[in-house]
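Chain by chain, the residues run as shown.
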Amino acid sequence: MTRASLALAAALVLMPASAARAGDDAAISVLVLTRTTDFRHDAIPAAREALASLAAERDWQLTLTEEADAFTPDGLAVHDVVVFLLTSGDVLDGAQERALDDWVRAGGGFVGVHSAADTERSSTVYRELLGGALFASHPDVQRATVRTLDRDHPATAHLPARFARVDEWYDFDATPRGRSHVLLSVDESSYSGGTMGYDHPLAWCHGHGDGQVFYTALGHTLDAWADPAMLEHVAGAIEHAAGIRPGDCEATRDDAFEIVVLEPSTRQPMSLDVLPDGRVLFVERGGRVRLHDPALGLTSVAAELPVFSGHEDGVLGVALAPDFATTGHVFVYWSPDDSPVQRLSRFVLAGERLDLGTERIVLEVPVQREECCHSAGSIAFHPSGDLYVSTGNNTNPFASDGFSESDERPGRAHWDAQRTSANTDDLRGKILRIHPEPDGSYSIPAGNLFPEDGSAGRPEIYAMGFKNPFRIEIDAETGWLYVGDVGPDAQNDVASRGPRGYDELEQIRRPGNYGWPYCVGPNLAYRDYDFATGASGESFDCRNLVNDSPNNTGARVLPPGEIPLLSYPYDEIADLPVLGSGGRTVLAGPVYRTPVRDRDSTALPSYYEGTALVAEFSRNWIVAVHLDDEGGFLHVEPFLPRATFRRPIDLDVGPDGRLYMLEFGTEWGDNDEARLTRIDYAGGRHTPRAVASATPRNGPVPLEVRLDSTGTTDPDGDALALRWDLDGDGDVDAEGPTARHTYDVPGRYLARLEAEDPSGRVGRTSVEIVAGNSAPVVTIELPAEGDTFAWGERVPYRVRVEDAEDGSSDDCDVCARVTVTPAIGHDAHAHPTVPVSGCEGSFRAAEVDGHPARDGLVLVLDASYTDRGAPGSVPIVARASRTLRPGPAATPPTSRPRCAAEPVIRATGGGGCSVTSAEHASPTLLLLLLLVALRTRTSRFRRCGCTRRLRGSSSTSRGRSSAPRMGSRRCRCSTARSRSPAGSSGLRLR
């Protein structure tokens, strides 16, 4: 085979681009250098003999030498691989170093063994060749445990997930990770004297120009060279470096991946699933279901659900049915605005629309909406067709000092997770498992936690004892369930209360109880604390759990607590430093299963086969959790550690093997950083990164827009062809780095940019342009920047809106469209409370007296305004936010605002508007308000005059009643319905 044809074959199968330079009578030519100018290993003779035996067995042409005379361009040209076998010290001069480096970059292979890392220590050329890491020190020779991270490379594929051996365990002066692909690591907890910590690389490889470099730290002892596993390790490395055995040495290199932005503009994205044809369906908390078409680079709104979005509710989860290709069935877990439940619905996706008329309500979970927090809502299908649903504990955590939520005082049920997570008769704080049936109903699969007849607990429960199991995933091959459970907030262990908070990654193979609110982390028990007296009782027994809460409606004796696969607190922990420190919001991601690849595949490499990808919303990382042959925890390593993520909130691997990600953005609420992205494995073949901007992006017609491609780059440095489709019709309207276009017809347009490199790889992006409507401007005037507030006290607010088409906040109709959402912020995320409406008013900051003071809680205020659009155009949403820190409470305004919104009757059901004062209301309206307050447990009204529709609890009780107008303006009023007392007819204002 010629060098050119071998290089072509290498590109197809991920072989190194080197050539076999030996004659036809030998597979490869191998030059082995054993020269030393420093310490000389006793094992050198045995190692030379072992390689000679390998050469004879494998038909290599082998040259063993103690001299460096061959390290010239001509001398190296006849070889395929150079092996530095137990070399040490300065064995090459400057010209020889450069000749070796040039030869490898041109396609040669290099293998370093053990003390090859203690060679040429002063040479920057050699350091770069070896991956940036050289020998620093070592403890005494001893037995240690080695982890095999890559089970696919020819040098390590034959090794078990973990094995023990005796060697001299090198510490290095830097980590090669990121620049090289690490195949083996040594477990420092298994021996004495290691200094590199948890992530201690032992063998690695990487591309160097067109050549391949491999290094292994094994091989110090004489016994090593009689070990068949060690000999296969070295032989696999040599044959891979020579280009005759495939192996991927790019799999964990930072520059081998690229983050492709599919949709740069989303509003509080929550969950996604990838269609068989490559389109991406994702949901936003505020109600929108959106569909991205990567072929067109366009994202459409497939549906908009009428949601309650107070607290942490909204559209929470989405999953395609296993038979989606034939039925179009999509399952959505969401919070309807007309009932205090979390609802699992099935819809049909027809083309680009989610047909809301096809809804089948599969399951409803009753919840309370008076208090924050924890909705969870992730859904995932098992290959069998069973559907798993995660439900949060729906319990206020902010008065439990960051410890167990188990307040048993009268009137404090919403602060007691024993009524939900530990209640066998309640669906909250659980993982549910059901089997959806074709008619929209569900059956109970065999083997859930409780019997199907409901005699011992709700039969839908598969696992219990969770706080906020925000993300779940199913391993399609094993069927095991992975759960990311976000834990409590205590930062330190307290003897009188119990352990600090932990987040947990569960691997669930069978039904069980995961202990909350009695135990946390690796089954650490809380003490039975009396919230009334402050006295601490005995610690709970995690293996013998009993629910004695007066709020418990289920079994008293519970299943024993289970231990998670992985758990971590706020602080960095010594045995898992890769997880870092700070806020905690663990998210279970997919277990990667390698798809069938084609030549141009950008699927994740097979190195990740069987690993669980886990994300951290607060810490902005993704890690790969490696499992051993029994599925137990082996090792965790960073995934793209130098990438900048923007609060990952959901991960999914598509049928194409690529990783899709929703990023929430670094601010609470709608923000410009929220986006849908895809992570491609380039492996040295990069797609251009297209970036487009438009000035202006909205305004009256005719709208003249300048488009710019500044920021568009090609990672390989190639020149790019830039093409613009300015009106979304699929035709190229302009070419070059900039373009201009005048939009004469009102409407929403997506101007698309394509950037193509010489190899034909195309990067795409789009920018939204709204013609015929100008974006509103929202300003929070009160509280002012730097103002403080007091927890539990009223906080005044005032929002200013200016809109070219609608007018300003001096207009009551404009104020009717303003929504202000307070949220409790901490750990880089926020817990939203019930939104209020109107330009002015006040709301009560939550009571958090029992929350740990060190958590640094803040109040985040998010104000938004959705304009009315304009004829032929579409509405635009604008927002502003403000972060307030605790301090002296601000003084509420003394004058009554003209278009205020403020609850006068406590809302249990959620959003809507309210009457601030009664002086403008008619006696008839006041009587109506009083009647509703008495007959229902929810009433919220806006003070401006309104047209109201009255509705009873029966769907036949409908009517209309007009209340007096105030001035010349009307305000729209709506409330969420709540349950009425038994026997009432429950009126609803809307």
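Overview of the structure.

Here is what the cut-offs are and how they apply
- Residues numbered from 1 in each chain as written.
- Predicted model: local features only at pLDDT ≥ 70, side-chain atom pairs only at ≥ 80, totals over all residues.
- Heavy atoms only, no water.
- Helix = DSSP H or I, 4+ residues; strand = E, 2+ residues; numbered from the N terminus.
- Buried < 20%, exposed > 50% of the residue type's maximum accessible area, 1.4 Å probe, protein only.
- Contact = heavy atoms within 4.5 Å.
- Areas by Shrake-Rupley, 256 points an atom, 1.4 Å probe, with all protein chains shown as cover.
- Pairing = 2+ DSSP bridges.
- Axes fitted to C-alpha atoms, helices over the stretch in contact; angles between N-to-C directions.
- Parallel < 35°, antiparallel > 145°, perpendicular 65-115°, else oblique.
- Left-handed = near helix turned anticlockwise from the far one by under 90°.
- Core = buried A, V, L, I, M, F, W, Y, C linked by side-chain atoms within 4.5 Å.
- Salt bridge = Lys/Arg side-chain N within 4 Å of Asp/Glu carboxyl O.
- Lys, Arg positive; Asp, Glu negative; His and termini not counted.
- Polar contact = N/O pair within 3.5 Å; in protein donor to acceptor, adjacent residues only side chain to side chain.
- Expected span 1.5 Å × (residues − 1).
- Disulfide = S-S within 2.5 Å.
- Phe/Tyr/Trp six-rings, centres within 6.5 Å; stacked < 30°, edge-to-face > 60°.
- Right-handed = clockwise from strand over helix to strand, strands pointing away.

A few words now on the overall build of the protein chain. The helix and strand inventory of the protein chain stands at nine helices and 62 strands. Counting across all 990 residues of the protein chain, residues that qualify as buried make up 60%. Of the contacts made within the protein chain by residues no fewer than 6 positions apart, 66% connect residues no fewer than 24 positions apart. Only carbon and sulfur atoms are counted for the fraction: they give 49% of the accessible area of the protein chain, which is about 36500 Å².

This part covers the pairing of strand E35 (residues 586-591). For E35, a buried count of six out of six residues is recorded, marking the element as mostly surrounded by other parts of the structure. With four bridges connecting them, E35 and strand E36 (residues 612-616) associate as antiparallel partners. Within E36, the position partnered with Leu587 by the bridge is Ala615.

A separate point is the sheet that holds strand E48 (residues 747-756). Strand-to-strand pairing in sheets goes through backbone hydrogen bonds, with the strands running parallel or antiparallel. Read across the open sheet, the five strands follow the order E43-E49-E48-E45-E46; overall the sheet is mixed. Because the sheet does not close on itself, it has two edges, and the strands there are strand E43 (698-699) and strand E46 (734-735). Judged from the ten bridges that link them, E48 and strand E49 (residues 762-771) form a sheet pairing that is antiparallel. When the sheet's bridge partners are listed, Gly747 is paired in E49 with Ala771.

Moving on, we come to the packing of helix H2 (residues 44-58) against helix H6 (residues 228-242). Where H2 contacts H6, the two axes come as close as 11 Å, and the packing angle between them is 60 degrees. Put simply, H2 runs oblique to H6. Seen along the crossing, H2 lies across H6 with a hand that is right-handed. Residues Ala50, Leu51, Leu54 and Arg58 of H2 form the contact with H6, whose participating residues are Leu231, Glu232, Val234, Ala235, Ile238 and Glu239.

Bringing the nonpolar core into the picture now. Core analysis: the biggest nonpolar cluster contains 163 residues, and Phe71, Phe84, Leu100, Phe110, Trp225, Ile238 and Leu344 have the highest contact counts within it. Per-element tally for this core: the top contributor is H6, with eight residues. Aside from chain neighbours lying at most four places away, what touches Phe110 is Val82, Phe84, Leu100, Val104, Tyr126, Leu129, Leu130, Gln212, Val213, Phe214 and Ala241. Listed in part, the 28 residues of the second largest apolar core include Val814, Ala845, Leu859 and Ala880.

On to the pattern of salt bridges. Enumeration over the complete set of coordinates arrives at 52 salt bridges. Asp407 is the partner of Arg412 in a salt bridge, and the nearest nitrogen-oxygen pair spans 3.1 Å. The same class applies to Arg412 as to Asp407, namely buried. Residue Arg593 is joined to Asp475 by a salt bridge in which the shortest nitrogen-to-oxygen separation is 2.7 Å. Residue Arg593 is located in the loop between E35 and E36, and its partner Asp475 is located in the loop between strand E26 (469-474) and strand E27 (481-485); the two are separated by 118 residues in the primary sequence. A relative accessible area of 1% places Asp475 in the buried class. Among the charged side chains, a network of salt bridges with common partners joins Arg723, Arg752, Glu754, Glu756 and Arg764.

Tracing the chain through its elements places Asp867 in the loop between strand E58 (858-866) and strand E59 (877-886). An unpaired buried charge is present at Asp867: no salt bridge exists, and Arg817, the closest side chain of opposite charge, is 5.9 Å distant. There is a polar contact of 3.0 Å between the side chain of Asp867 and the backbone nitrogen of Gly869. When sequence neighbours within four positions are dropped, the list of residues in contact with Asp867 reads Asn773, Ser774, Pro776, Asp803, Asp806, Arg817, Val874, Pro875 and Ile876.

The first and last C-alpha atoms of helix H4 (residues 94-105) sit 17 Å apart over twelve residues, in line with the 16 Å expected at 1.5 Å per residue. Listed in full, the buried residues belonging to H4 are Gln96, Glu97, Ala99, Leu100, Asp101, Trp103 and Val104. On its buried side, H4 packs onto helix H3 (73-76), strand E3 (81-85), strand E4 (109-113), helix H5 (124-129), strand E10 (201-208) and strand E11 (211-216). Measuring from the backbone nitrogen of Ala95 back to the side-chain oxygen at the start of H4 gives 3.2 Å, which picks out Asp93 as the cap. Just downstream of H4, Gly107 is the residue with a positive phi angle, here 130 degrees.

By the element assignment, Glu781 lies in strand E50 (residues 777-782). A relative accessible area of 35% places Glu781 in the partly exposed class. Measuring from C-alpha to C-alpha, the distance between Glu781 and Arg798 comes to 5.5 Å, with 17 residues separating the pair along the chain. Excluding residues that lie within four positions of it along the chain, Glu781 makes contacts with Arg798 and Arg800.

For the rest of this paragraph, the subject is the environment of Ala413. Along the chain, Ala413 falls in the loop between strand E22 (387-391) and strand E23 (430-436). Assessed through its relative accessible area of 25%, Ala413 is described here as partly exposed. C-alpha separation for the pair Ala413 and Ser549, spaced 136 residues apart in sequence, amounts to 9.6 Å. In this view, Ala413 contacts Arg419 and Asn551; residues no more than four positions away in its chain are not counted.

This part is about the state of the cysteines. The final tally for this structure, using the stated rule, is four disulfides. Two residues, Cys205 and Cys249, share a disulfide whose sulfurs are 2.0 Å apart. In this structure the cystine formed by Cys205 and Cys249 twists about its S-S bond by roughly -100 degrees; its chirality is therefore left-handed. With Cys205 in strand E10 and Cys249 in the loop between H6 and strand E12 (257-263), this residue pair connects regions lying 44 residues apart in the sequence. Cys249 shares its class with Cys205; the two are buried.

What follows deals with the packing of aromatic side chains. Under the definition given, this model contains 26 aromatic pairs. Ring geometry for Phe71 against Phe84: centres 6.0 Å apart, planes inclined by 80 degrees, an arrangement best described as edge-to-face. Residue Phe71 is located in the loop between strand E2 (61-65) and H3, and its partner Phe84 is located in strand E3; the two are separated by 13 residues in the primary sequence. You'll find Phe71 and Phe84 in the same group, each marked buried. Aromatic pair Phe466 and Tyr514: ring centres 5.5 Å apart, planes at 20 degrees, arrangement stacked.

Strand order across the open sheet formed by four strands is E26-E27-E28-E34, with antiparallel pairing between neighbours. Each edge of the open sheet carries a strand with a single partner, namely E26 and strand E34 (566-568). The sheet shows a mean angle of 10 degrees between the axes of neighbouring strands, direction not considered. Alignment of E26 against E27, held across five bridges, turns out to be antiparallel. Of the residues in E27, the one forming a bridge with Ile474 is Leu481.

Summarising burial for E4: five of the five residues are buried, a large majority. Side chains Gly109, Val111 and Val113 of E4 all project onto a buried face; the interleaved residues Phe110 and Gly112 project onto the opposite face, where all are buried too. Pairing between E3 and E4: five bridges, direction parallel. Looking at the pairing, Leu85 lines up with Val113 of E4. As a crossover connection, the stretch from E3 through H4 into E4 is right-handed. Two strands pair when backbone bridges link them, and E4 and E11 are joined in this way by five bridges, in the parallel orientation. Bridge assignment links Phe110 to a residue of E11, and that residue is Val213.

Here Pro340 is to be found in the loop between strand E18 (329-334) and strand E19 (341-350). Assessed through its relative accessible area of 12%, Pro340 is described here as buried.

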